[in-house]
Amino acid sequence: SSGINAEYGGVQVEVIENSPGLVDQVFCANCALVWGGTAITSFMHNLPRREEAEHTIKWFKDRGFKVYDSRPHGIALEGCGDFAYNYDRKHAYLGYGFRSDKSAYDLVKDQLDFTGTQFHSLKQVSELCYHLDTAMLSLSQGHVLVFPEAFDTESYNLIKEVNGEDMIIEISEKDCVQNFVANAIPVHDGDSHYVVGMAFSSELHSKLTSLGYTVLVTPYQEFRKSGGSIRCSVLDIGI
């Protein structure tokens, strides 16, 4: 449905209008990268998805965002699919290696104001994880879910260094690839901390619960067949 917004757990949700023929538009996390009121719209790696850009640009302009169209650069950049940030905003990351180009880091750094935030580049090396949001997820209490094999040694060491090794929760290949755990959504509402995802191994579910998180499981297997899960269908616009 178009024009709908809802609020749950302190999170306001808006819905972008469906566009006929754009079958992957449901994975809206890839359409833009948003930070500080500026939306950098994507230049998709795959040709069929590039038609989403005009609809994305209009949606953000209609809502008063400053919009930067990255397409003229010809640099592959797949929005929040390859962009992540810590819950406290002290660190942000751009992944490259599969869907986004390495040079996208400089493009993003030149257009956004990262004052107070250290912005890092992470190299992805595993074909099991085509986007950063399939390999890494920062949670609301500072913990970070990571599939180590997704990154080269330098990048994984950087993740551990800036977050602290005691805050790293390494996830299994099953949780990464089958359960799409890194593609979950963290929500913080007062003293309550949630992780909303498609599926979790019993071991990881217990680990998160012991750390004070409420794990919410919601069916998303049909979307999983297309290679995406919950976070792929959500684009953070209030950061």
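Given the structure is predicted, the values throughout are model-derived calculations rather than measurements. (Residues numbered from 1 in each chain as written. Predicted model: local features only at pLDDT ≥ 70, side-chain atom pairs only at ≥ 80, totals over all residues. Heavy atoms only, no water.)

Caption draft 1: Spatial organisation of a negative patch on the surface. Taken together, Glu149, Glu165, Asp166, Glu170 and Glu173 make up a surface patch of like negative charges. On the accessibility criterion, Glu170 (52% relative accessible area) is exposed. (Patch = residues over 30% accessible without salt bridge, like charges linked within 9 Å, V, L, I, M, F, W, Y side chains within 5 Å. Areas by Shrake-Rupley, 256 points an atom, 1.4 Å probe, with all protein chains shown as cover. Salt bridge = Lys/Arg side-chain N within 4 Å of Asp/Glu carboxyl O. Lys, Arg positive; Asp, Glu negative; His and termini not counted. Charge placed at Lys NZ, Arg CZ, Asp CG, Glu CD. Buried < 20%, exposed > 50% of the residue type's maximum accessible area, 1.4 Å probe, protein only.)

Caption draft 2: Main features of the sheet that holds strand 3 (residues 32-35). Read across the open sheet, the three strands follow the order 3-4-5; overall the sheet is mixed. Pairing within the sheet leaves two strands with one partner each, and these edge strands are strand 3 and strand 5 (66-69). Taking each pair of neighbouring strands and ignoring which way they run, the sheet shows an average axis angle of 20°. Relative to strand 4 (residues 38-41), strand 3 is paired through four bridges, and the arrangement is antiparallel. Residue pairing across strands places Val34 opposite Ala39, the latter belonging to strand 4. (Pairing = 2+ DSSP bridges. Helix = DSSP H or I, 4+ residues; strand = E, 2+ residues; numbered from the N terminus. Axes fitted to C-alpha atoms, helices over the stretch in contact; angles between N-to-C directions.)

Caption draft 3: Spatial organisation of the pattern of salt bridges. The tally for this structure, following the rule as stated, stands at nine salt bridges. Residue Lys58 is joined to Asp62 by a salt bridge in which the shortest nitrogen-to-oxygen separation is 2.7 Å. One end of the pair is Lys58 and the other is Asp62, both in helix 1 (residues 52-62) and four residues apart, which spans about a single turn. Side by side, Lys58 and Asp62 carry an identical accessibility label, which is exposed. Residue Asp236 is joined to Arg231 by a salt bridge in which the shortest nitrogen-to-oxygen separation is 2.8 Å. The class for Asp236 is buried, based on a relative accessible area of 18%. Take Arg231: its relative accessible area is 15%, and that puts it in the buried class. Here the salt bridges share partners, and the residues they tie into one network are Glu14, Glu17 and Arg63.

By themselves these figures say nothing about function.
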